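Residues per chain, in single letters:
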Amino acid sequence: SVVFAPVVDALVARDELIACLLSGEGHVFLPGPSQRDLVRRLVDPPSLVAPTVSGGAELMTAPGDNHFGRLGNERAMRALAEELVARGIVPRG
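Residues numbered from 1 in each chain as written. Predicted model: local features only at pLDDT ≥ 70, side-chain atom pairs only at ≥ 80, totals over all residues. Heavy atoms only, no water.

Colleague: Explain the environment of Leu 17 to me, using residue names and the numbers behind them.
Modeller: Within the secondary structure layout, Leu 17 lies in the loop between helix 1 (9–16) and strand 3 (21–22). The spatial distance from the C-alpha of Leu 17 to the C-alpha of Met 77 is 28 Å, given a sequence separation of 60 residues. (Helix = DSSP H or I, 4+ residues; strand = E, 2+ residues; numbered from the N terminus.)

Here it is in structure tokens:
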């Protein structure tokens, strides 16, 4: 079986910029692992297809929403198809 977990490069870059958060009350919060890192810890590497999808907000359904819209889904499915062909899981064409 294969687990598909596309990664948006702009979101990864954004998340990597956050070292910690400071609340108005002075509490410090350290970010936990990203969704990408969690998936990579839980899924056996040969079963994981985690292509990077180039783009940013234009891939999402709405500003502030991390769900793919039409363009994001098209790019993610293209990346998935390319990876499955490259691994020999499905034939080209």
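Colleague: Break down the pattern of salt bridges for me, citing the residues and quoting the values.
Modeller: With the rule as written, the count across this model stands at three salt bridges. Between Glu 58 and Arg 75 there is a salt bridge, and its shortest N-O distance comes to 3.9 Å. Linking Glu 58 in the loop between strand 6 (52–53) and helix 3 (70–86) with Arg 75 in helix 3, this pair joins segments that are 17 residues apart in sequence. What makes Glu 58 partly exposed here is its relative accessible area of 46%. We classify Arg 75 as partly exposed; its relative accessible area is 29%. With a closest N to O distance of 2.7 Å, Glu 83 and Arg 87 form a salt bridge. Overall, Glu 83 belongs to the partly exposed group, its relative accessible area being 27%. Given the relative accessible area of 33%, Arg 87 is considered partly exposed. (Salt bridge = Lys/Arg side-chain N within 4 Å of Asp/Glu carboxyl O. Buried < 20%, exposed > 50% of the residue type's maximum accessible area, 1.4 Å probe, protein only.)

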